[in-house]
Every structure is written in structure tokens, then in C-alpha cells.
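# Chain and residue survey
Chain residues, written in single-letter form:
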Amino acid sequence: MKKEKSPLTTLCYIEQDGKYLMLHRVKKEHDINEGKWIGVGGHFEKGESPDECLLREVREETGLTLVSWHFRGIVTFTADYELTEYMCLYTADDFTGELTADCEEGVLRWVPKEEVVQLPLWEGDHIFLELLTKDAPFFSLKLSYVQDRLVECVLNGRKKL
């Protein structure tokens, strides 16, 4: 019996020396993020809090244990081909452990923050990455897609697109 995925997810941009740890999604079959660069994270497991999911997913994907992290916002994704997803967005600035050499989901790489926007990203990722860069207070962001095209953006209840 196939386990149903939770609509709740986490995503974390781990920072070190002016760089974010990015995951190039190139290994997983039938991956909605295939070819894209994203932070690390994933779906909640039964009974997990956002922080517990974050810590587990970061450890599984990177081998790192977060010591300092910050809950930055909630991102709601809607799409014509998927169920609605609610993503808890984090940044982290301290960790212990050694970065794993092999991640099942893709290739991990430290990328200078200013170069991240040049990578193949989802269109909406540019919006929340800018909010992170500007150190925006906790935010709620809704991103709606048709195919791979962003058709609606609502930030803190105000339509932007």
C-alpha cells in the first residue's frame, strides 16, 4: 500500500560564508522539481511538527544537524496538476556534522547567495528568496501555477500578480 504524501512540507536555505546550500534535483524519478535547484526539505511524516520535519529532512538529505534555524514564512502552492501544498520556509545559520557525499534526491552544492537567482528555479522561488534576502518579517505567500507558469502571487493577503 502506497503511503499518501502530506500536503505539508518544509524547505530550508542553509547559510554559510555568504552561500546557500542548494539541491539540484536530478536523481529522483517522476520529480516535480526535476532539473530545478531548491533548498533542502520535504514532506511531514505523521505526528511531526514543522521543526521536527525540518530537522529530520535536513539530516536525511545532507547529513547535517541544524543547531540554529529560523521559521521565516508559510508558502501556499496551488497548481492545475497537484493538490495544494503548504510549505514552512526556514533559513538556518549553524549546524554540525559533515555534508553527505551522496544525496538520493540530487546534487548538493554551496552557491553564493547572489548567484542563486541565476540557477534554474521555480518562478515563485525568486519572490521568497528576495524576501529572505531583505530579511522580511514572517510572511504568508501564495503562489499559483498553471503548468510551470506562475499566474498568481499573493503576499500577506495582497495580490502582487
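To keep things clear, this report deals only with the structure shown in the data block.

### Details of helix α3 (residues 123-133)
For α3, the full list of buried residues reads Gly124, Asp125, Phe128, Leu129, Leu131 and Leu132. Along the axis of α3, the buried positions cluster into a sector of 155°, meaning they face one direction only. Positive backbone phi, at 55°, marks Asp135, one or two positions downstream of α3.

### A word on the pairing of strand β2 (residues 19-24)
Bridging between strand β1 (residues 8-16) and β2 involves two bridges; their strand directions are antiparallel. Opposite Gln16, over in β2, you have Lys19 as the bridge partner. With antiparallel pairing between neighbouring strands as the criterion, β1 and β2 make up a hairpin whose turn holds two residues, including Asp17 at a positive phi of roughly 50°. Sheet analysis places β2 next to strand β7 (residues 107-112), joined by six bridges and oriented antiparallel.

### A short note on the layout of surface pockets
It is the rolling of a water-molecule-sized probe over the atoms that shows where space remains empty. Its boundaries defined by the atoms lining it, the largest pocket holds a volume of some 1,300 Å³. The wall of the largest pocket is formed by 41 residues, among which Lys5, Ser6, Thr9, His43 and Glu85 lie closest to the centre. Contributing elements (two or more residues each) for the lining of the largest pocket: β1, β4 (40-43), α1 (50-62), β5 (65-79), β6 (82-96) and α3. The leading source of residues in the lining of the largest pocket is β6, at five residues. Counted by class, the lining of the largest pocket contains 14 nonpolar, 11 polar and 16 charged residues.

### Focus on unusual backbone geometry
Backbone geometry at Asp17 places phi at a positive 50°, although glycine is not the residue there. With respect to the element layout, Asp17 can be found in the loop between β1 and β2. A positive phi is found at Gln147, a non-glycine position, where the angle reads about 60°. Within the element layout of this structure, Gln147 appears in the loop between β8 (139-146) and β9 (149-155).

### A short note on the pattern of salt bridges
Applying the stated criterion across every chain yields a total of 11 salt bridges. Among the ionic pairs, Arg56 bridges to Glu48, the shortest N-O distance being 2.6 Å. What makes Glu48 buried here is its relative accessible area of 18%. Salt bridges linked by common partners bring Glu45, Glu48, Arg56, Glu57 and Glu60 together as one network.

### Focus on the packing of aromatic side chains
Counted under the stated rule, the structure contains six aromatic pairs. Relative to Tyr20, the ring of Tyr13 has its centre 5.2 Å away and its plane inclined at 55°; by these criteria the two rings are tilted. Overall, Tyr20 belongs to the buried group, its relative accessible area being 4%. Arranged with centres 6.3 Å apart and planes meeting at 50°, the rings of Tyr13 and Phe128 form a pair that is tilted. Highlighted residues: Tyr13 in strand β1 and Phe128 in helix α3, separated in sequence by 115 residues. Taken together, the ring pairs in this structure connect Tyr13, Tyr20 and Phe128 into an aromatic cluster. Over the aromatic face of Trp122 sits the side chain of Lys36, whose NZ or CZ is 4.8 Å from the ring centroid.

### Focus: the environment of Ala101
Considering the arrangement of structural elements, one finds Ala101 in the loop between β6 and β7. Accessibility expressed as a relative area gives 87% for Ala101, which makes it exposed. Measuring from C-alpha to C-alpha, the distance between Ala101 and Thr62 comes to 8.3 Å, with 39 residues separating the pair along the chain.

What counts and what doesn't
Residues numbered from 1 in each chain as written. Predicted model: local features only at pLDDT ≥ 70, side-chain atom pairs only at ≥ 80, totals over all residues. Heavy atoms only, no water. Buried < 20%, exposed > 50% of the residue type's maximum accessible area, 1.4 Å probe, protein only. Helix = DSSP H or I, 4+ residues; strand = E, 2+ residues; numbered from the N terminus. Arc of directions from axis to C-beta. Pairing = 2+ DSSP bridges. 1 Å grid on protein atoms, 1.4 Å probe; cavity = no way out; pocket = protein on both sides within 12 Å on 5 of 7 lines; lining within 4 Å. Points joined across faces, edges and corners; volume = space filled by probe spheres on them. Nonpolar A, V, L, I, M, F, W, Y, C, P; charged D, E, K, R; others polar. Salt bridge = Lys/Arg side-chain N within 4 Å of Asp/Glu carboxyl O. Phe/Tyr/Trp six-rings, centres within 6.5 Å; stacked < 30°, edge-to-face > 60°. Lys NZ or Arg CZ within 6 Å of the ring centre and 35° of its normal.

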